[in-house]
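Architecture and fold: a report
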Amino acid sequence: QFTAVFIEMDWPRVYRLNEYISGALDDDTTVTLDAVFDDLKEYPLWMYRNQVMKELVTWMKRYNLRLRQAHRARDQVALYGIDMQCYESLKVLKSLYAAHQAVLPHAVQISSFLDAIDLHSQQFAERAYVESQIAKIYQLFLSTKYRIPAPFYGTLVYNIDQNFATLQSAAHYFGHECAWDIRDRHWFATMEKYFEYRSGGKYVGYQAARTAACDKGKIVLWAHNSHVCHADHTGYTHSNIGAMCKRKYGDDAVFTVCLDTYHGTVTATNHRNEYPQFFTLDANVNESYGKLWHSLSQKWHANMFAIFLNSGVHKLQQLRLPVHPKYFVAKSEVRKKKKIRDIGVCYLSSNPYNHCSNANILKVADVMIFVDESNALEPLQCDKHANWDLSKALSMQQVQIAQKPNKCV
């Protein structure tokens, strides 16, 4: 049974959603689903401010309520943000120390240190100094956290600890030109910290976890392909969370599901920090696995299907799930293709190879969910600012023009 869902968004911005799901905000009658979604206001708006996400949060809240009614509160499922691309944690830490000054060791001292942090330093030496100051304050918290009274230790200490870690990683990330590896290393450390707190301190790291029998929980990580696939078997010049988890937890302990599509539509932006736009996808390139899946889609008359790859078939047999493959694809056919396509929050349509990289598809994931013709995720109406609807209308008009027969002789 899974105990937590981590999504590709910053910890402090998602935490209130988790409080809503867990029932921690039930006594406040002013708290509604729309109110907690208002905390998710930063780019990319559409990724989690959409109707699909609202339905998931509503379902999780009802699921947890049934568990509490059955006196199984320990089994509740949490929803957390795993990312650190903001400085919001500094504001959260100041608020938490102000609200719990009586129970937090060195609260006055740590609060004054937090007030002195300047996150807008431009010079490298100043940024390095800020990083060192955050590390010292964090270490002071860690050295005294076990003195915090038991009623506050679990949720409060976990939230403070993770906000310190998020702030420290954010300062390091923005001070080093947003290096990709910093994010994914933070993600892995966040997962390890969850296991530690979930197990009540019995989990002491992945290297010791193989011999220590403890209830550390089980995680679903929901993120882009470029993060969750096994980077060691791609043309990426960096590692990612998918590769880290496979290497450190072992292949059998991680089940990776990736997504691919051939054509259709997508919601994205041209550049970061823009309002969402509606794009018509270029067809996947001929050298891509998406092109192969497209030919199978036409052959099987199916717009969407799951492809169990090498390790995925093995794990399916181990789990003894009632899933029976309908078709089989020869490995020789798969090996003819080279490229995978990853489309994140930005879509660059000027060149069909912009989002492509080489990969060994048999090893990058356990299962590939393929949608031959995808539909763009629709943002909440209040986030569209007419931009999404306008770009959708223009895109659909371009498609209709392209589909008209050429009458020239």
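Residues numbered from 1 in each chain as written. Predicted model: local features only at pLDDT ≥ 70, side-chain atom pairs only at ≥ 80, totals over all residues. Heavy atoms only, no water.

Observations concerning the nonpolar core
Rules: Only buried residues count toward a nonpolar core. Its members are Ala, Val, Leu, Ile, Met, Phe, Trp, Tyr and Cys residues joined through side-chain atoms within 4.5 Å. For every residue, the accessible area (1.4 Å probe, protein chains only) is compared with the maximum for its type, and the residue is labelled buried under 20%, exposed over 50%, or partly exposed between those bounds. Helix and strand assignments follow DSSP, with helices taken as H or I runs no shorter than four residues and strands as E runs no shorter than two, numbered in order from the N terminus. In this description, contact between two residues means that some pair of their heavy atoms is separated by no more than 4.5 Å.
Counting residues in each nonpolar core, the largest one holds 70 residues, and the members touching the most others are Phe 6, Tyr 97, Leu 114, Ile 160, Phe 164, Trp 293 and Ile 361. Here this core gets eight residues from one element, more than from any other, and that element is helix α8 (residues 150-174). Among all residues touching Phe 6, those that are not within four sequence positions of it are Trp 11, Tyr 80, Gly 81, Ile 82, Tyr 158, Thr 190, Tyr 194, Ile 219, Val 220, Leu 221 and Trp 222. If you look at the next biggest cluster of nonpolar residues, it comprises 24 residues, including Val 5, Leu 33, Phe 37 and Leu 79.

Quick word on the packing of helix α9 (residues 180-198) against helix α12 (residues 241-249)
Defined as follows: Angles shown run from 0 to 180 degrees and are taken between the N-to-C directions of axes, each axis being a line fitted to C-alpha atoms and, for helices, limited to the stretch in contact. Geometric relationships in this document are graded by angle, where less than 35 degrees denotes roughly parallel, more than 145 denotes roughly antiparallel, 65 to 115 denotes roughly perpendicular, and other angles denote oblique. Here a crossing is called left-handed whenever its near helix is offset anticlockwise from the far helix by less than a right angle, and right-handed whenever the offset is clockwise.
Two elements in contact, α9 and α12, have axes separated by 9 Å at closest approach and are oriented at 45°. Accordingly, the angle class assigned to the pair α9 and α12 is oblique. Regarding α9 and α12, the two cross each other, and that crossing is right-handed. Across from Asp 181, Asp 184, Arg 185, Trp 187, Phe 188, Met 191, Glu 192 and Phe 195 in α9, the residues of α12 making contact are Ile 241, Met 244, Cys 245, Lys 248 and Tyr 249.

Remarks on the pairing of strand β9 (residues 367-374)
Our working definition: Two strands qualify as a pair provided DSSP detects at least 2 bridges between them.
Extensive coverage of β9 is indicated by the burial of six of its eight residues. Sheet topology places strand β6 (residues 304-308) next to β9; five bridges connect them, and they run antiparallel. Directly across from Ile 307, in β9, lies its bridge partner Met 368.

Digging into helix α13 (residues 289-300)
The criterion, for reference: Multiplying 1.5 Å by the residue count of a helix minus one yields the expected span of that helix.
Helix length check: α13 (12 residues) gives 16 Å between terminal C-alpha atoms against 16 Å at 1.5 Å per residue, within 8%. Buried residues of α13: Tyr 289, Gly 290, Leu 292, Trp 293, His 294, Leu 296, Ser 297 and Trp 300, and no others. Just downstream of α13, His 301 is the residue with a positive phi angle, here 55°.

Digging into the sheet that holds β6
Through backbone hydrogen bonds, the strands of a sheet pair up, either in parallel or in antiparallel fashion. The mixed open sheet is built from four strands, whose spatial order is β5-β4-β9-β6. Of all strands in the sheet, those bounded by a partner on one side alone are β5 (277-281) and β6. Here the average twist between neighbouring strands, direction ignored, is 35°. On the sheet, α13 packs against β4 (257-268), β6 and β9 and is oriented at approximately 70° with respect to β9.

Some remarks on the environment of Val 108
Mapping Val 108 onto the fold places it in helix α6 (residues 107-115). By relative accessible area, which is 57% here, Val 108 ends up exposed. Once the C-alpha coordinates of Val 108 and Ala 98 are considered, the two residues, 10 residues apart in sequence, prove to be 8.6 Å apart.

A few points about the confidence of the model for the protein
Rules: Note on scores: pLDDT gives the predictor's confidence for each residue, bounded by 0 and 100.
Across the protein, the average pLDDT comes to 89, with 95% of residues at or above 70. Put simply, helix α18 (residues 387-403) is where the protein has its lowest mean pLDDT, 69, and strand β2 (residues 78-83) is where it has its highest, 97. Contacts from residues 402-409, a stretch scored under 50 in pLDDT, to residues over four places away or in other chains number zero contacts.

As for the pattern of salt bridges
The condition is simple: Note on definitions: salt bridges are taken to be side-chain nitrogens of Lys or Arg within 4 Å of carboxyl oxygens of Asp or Glu.
The final tally for this structure, using the stated rule, is 21 salt bridges. Its salt-bridge partner being Glu 42, residue Arg 13 comes within 4.0 Å of it at the nearest N-O pair. Taken together, the residues Arg 13 in helix α1 (residues 11-22) and Glu 42 in the loop between α2 (33-37) and α3 (45-48) connect sequence positions 29 residues apart. Looking at Arg 13, the relative accessible area reads 13%, which means it is buried. Among the ionic pairs, Lys 246 bridges to Asp 366, the shortest N-O distance being 3.1 Å. Taken together, the positions of Lys 246 in helix α12 and Asp 366 in the loop between α16 (361-364) and β9 put the pair 120 residues apart, joining distant regions of the chain. With a relative accessible area of 8%, Lys 246 lands in the buried category.

Observations regarding the sheet that holds strand β1 (residues 4-10)
Read from one edge of the open sheet, three strands run β2-β1-β3, paired in parallel fashion. Every interior strand has two partners, whereas the edge strands, β2 and β3 (219-222), have only one. The sheet shows a mean angle of 35° between the axes of neighbouring strands, direction not considered. Where β1 meets β2, five bridges bridge the pair, whose relative direction is parallel. Note that in β2 the partner of Phe 6 across the bridge is Tyr 80. In the packing of helix α4 (residues 51-69) onto the sheet, the strands contacted are β1, β2 and β3, and the crossing angle to β2 comes to about 135°.

A word on the side chain of Asn 64
For Asn 64, the location among the structural elements is in helix α4. Leaving out residues up to four positions away in the same chain, Asn 64 has contacts with Ile 21, Ser 22, Gln 76 and Val 77.

Considering the packing of aromatic side chains
What counts here: Stacked, edge-to-face and tilted labels apply to pairs of Phe, Tyr and Trp rings (six-membered ring for Trp) whose centres lie within 6.5 Å, assigned for plane angles under 30 degrees, over 60, and everything in between, in that order. Should the NZ of a Lys or the CZ of an Arg lie within 6 Å of a ring centre and within 35 degrees of the ring normal, that charge is described as sitting over the ring.
Enumeration over the complete set of coordinates arrives at 29 aromatic pairs. Ring centres of Tyr 173 and Phe 174 lie 5.2 Å apart, and the angle between their planes is 65°; this geometry places the pair in the edge-to-face category. Its relative accessible area of 5% is what places Tyr 173 among the buried residues. Positioned above the aromatic ring of Phe 195, the side-chain terminus of Lys 216 is 4.2 Å from the ring centre.

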